[in-house]
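Tertiary structure, described
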Amino acid sequence: MLYVAAGVLGLGAGSLWTTVLSYVSRQSPKEHRGIVVSSYLFQVTSLRILGKTLYPPWNIFVHRGVGVDDTLIRYRIHMGICT
């Protein structure tokens, strides 16, 4: 079920975490539902923490390594790659 949720998110439903969680919990068997939901929430939380942790080094790389000084262009690069 987590692969189906990842597929739904890959189709552009990145802001619909609740909808994906509802689908996953609805489609999973009752005896496994608690494990599936907690695994999904762990996955989402882990990806958020990882993204927040990697942003500062990535920003420094784009600023100093690539040489993009304009803040707006740097933000556009970040959003273009990270979404």
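About the thresholds
- Residues numbered from 1 in each chain as written.
- Predicted model: local features only at pLDDT ≥ 70, side-chain atom pairs only at ≥ 80, totals over all residues.
- Heavy atoms only, no water.
- Patch = residues over 30% accessible without salt bridge, like charges linked within 9 Å, V, L, I, M, F, W, Y side chains within 5 Å.
- Areas by Shrake-Rupley, 256 points an atom, 1.4 Å probe, with all protein chains shown as cover.
- Salt bridge = Lys/Arg side-chain N within 4 Å of Asp/Glu carboxyl O.
- Helix = DSSP H or I, 4+ residues; strand = E, 2+ residues; numbered from the N terminus.
- Buried < 20%, exposed > 50% of the residue type's maximum accessible area, 1.4 Å probe, protein only.
- Phe/Tyr/Trp six-rings, centres within 6.5 Å; stacked < 30°, edge-to-face > 60°.
- pLDDT = per-residue confidence, 0-100.

1. Quick word on a nonpolar patch on the surface
Residues Leu-47, Leu-50 and Leu-54 make up a contiguous nonpolar surface patch of about 290 Å² in total accessible area. Mapped onto the secondary structure, Leu-54 falls in helix α3 (residues 33-66). The class for Leu-54 is partly exposed, based on a relative accessible area of 48%.

2. Quick word on the packing of aromatic side chains
Tallying each qualifying case throughout the model produces one aromatic pair. With centroids separated by 5.8 Å and ring planes inclined at 35°, the aromatic side chains of Trp-58 and Phe-61 adopt a geometry described as tilted. Of the two residues, Trp-58 and Phe-61 both sit in helix α3, three residues apart, roughly one turn of that helix. With a relative accessible area of 44%, Phe-61 lands in the partly exposed category.

3. A word on the confidence of the model for the protein chain
Taken as a whole, the protein chain shows an average pLDDT of 84; of its residues, 82% reach a score of 70 or greater. The secondary-structure element of the protein chain with the lowest mean pLDDT is helix α1 (residues 2-10), recorded at 67, while α3 shows the highest, at 91.

4. Section: the environment of Cys-82
Mapped onto the elements of the fold, Cys-82 is located in helix α4 (residues 71-82). Residues Cys-82 and Gly-51, spaced 31 residues apart in sequence, show a C-alpha to C-alpha distance of 8.9 Å.

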